[in-house]
Amino acid sequence: MANANHEQVRARLSAVFSEFLHVEVPSADTDLFEAGILDSQRFVELVLHLEQNFQTHIDIQDFEIENFRCIQKIATLILQYNEGDRVAELSRAHRVSSD
């Protein structure tokens, strides 16, 4: 299931690059900075589109180049945020049901 989720996120990320940044990324492991796909301005653009398309907020502490070096790493970051959101929701739901 985790691999399926990762694959879905990678596919959605490829679509974000294509539809919003108007670039095709050759593979999920392509170094986006070395390939010239991302620079500082496009990085900010990418973060905005990620937050909108994945309904998440990326903390500034995670704005490290290594987290955004390739689609594979971005997908892992997105999945970590999504998992964190689910854990927080379950925790809130448990507290409400316990009251």
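Calculation notes
Residues numbered from 1 in each chain as written. Predicted model: local features only at pLDDT ≥ 70, side-chain atom pairs only at ≥ 80, totals over all residues. Heavy atoms only, no water. Salt bridge = Lys/Arg side-chain N within 4 Å of Asp/Glu carboxyl O. Buried < 20%, exposed > 50% of the residue type's maximum accessible area, 1.4 Å probe, protein only. pLDDT = per-residue confidence, 0-100. Helix = DSSP H or I, 4+ residues; strand = E, 2+ residues; numbered from the N terminus. Contact = heavy atoms within 4.5 Å. Polar contact = N/O pair within 3.5 Å; in protein donor to acceptor, adjacent residues only side chain to side chain. Phe/Tyr/Trp six-rings, centres within 6.5 Å; stacked < 30°, edge-to-face > 60°. Expected span 1.5 Å × (residues − 1).

Turning our eyes to something else, we now look at the pattern of salt bridges. Once their charged atoms are close, side chains differing in charge can pair, the charge on each being opposite to the other. Scanning the entire structure with this criterion turns up 4 salt bridges. Note that Arg69 and Glu66 form a salt bridge whose closest N and O atoms lie 2.9 Å from each other. Residue Arg69 is classed as partly exposed on the basis of its relative accessible area, which comes to 21%. Of the residues examined, Glu66 reaches a relative accessible area of 40% and is grouped as partly exposed. The network of salt bridges with common partners includes Asp31, Glu66, Arg69 and Lys73.

Our next topic: the confidence of the model for the protein chain. Detailed reading of the predicted model is not advised wherever pLDDT is low. Chain-level statistics for the protein chain give a pLDDT mean of 87 and a share of 82% at 70 or above. Confidence scores differ between elements of the protein chain, with helix α3 (residues 71-98) showing the lowest mean pLDDT of 69 and helix α2 (residues 40-53) the highest of 95. In the predicted structure, residues 87-96 sits below a pLDDT of 50 and forms 0 contacts with residues beyond four places in sequence or in another chain.

On to the side chain of Asp31, then. Of note, Asp31 is situated in the loop between α1 (2-19) and α2. The class for Asp31 is buried, based on a relative accessible area of 17%. Of the polar contacts made by the side chain of Asp31, one reaches the backbone nitrogen of Phe33; its length is 3.0 Å.

Further remarks concern the packing of aromatic side chains. For the structure on display, the rule yields 3 aromatic pairs. For the pair Phe43 and Phe63, a centre-to-centre distance of 5.7 Å together with 85° between the ring planes defines the contact as edge-to-face. Within this pair, whereas Phe43 is found in helix α2, its partner Phe63 is found in the loop between α2 and α3, the two being separated by 20 residues in sequence. For Phe43, a relative accessible area of 13% corresponds to the buried category. Measuring from centroid to centroid gives 4.8 Å for Phe43 and Phe68, while their planes differ by 90°, and the two rings are edge-to-face. Residue Phe43 is found in helix α2, and its partner Phe68 is found in the loop between α2 and α3; the two are separated by 25 residues along the sequence. Put simply, the rings of Phe43, Phe63 and Phe68 pair up and form one aromatic cluster.

We now examine α2. The periodicity of an α-helix, 3.6 residues per turn, causes residues three or four positions apart to be oriented the same way. Counted at 1.5 Å a residue, the expected span for α2 with its 14 residues is 20 Å, and the 20 Å between its end C-alpha atoms agrees. Along α2, the positions that sit buried rather than exposed are Phe43, Leu46, Val47, His49 and Leu50. Two to three positions downstream of the cap, the backbone nitrogen of Gln41 sits 3.2 Å from a side-chain oxygen, assigning the N-cap of α2 to Asp39. Remark: Gln55 follows α2 within two positions and exhibits a positive phi of approximately 45°.

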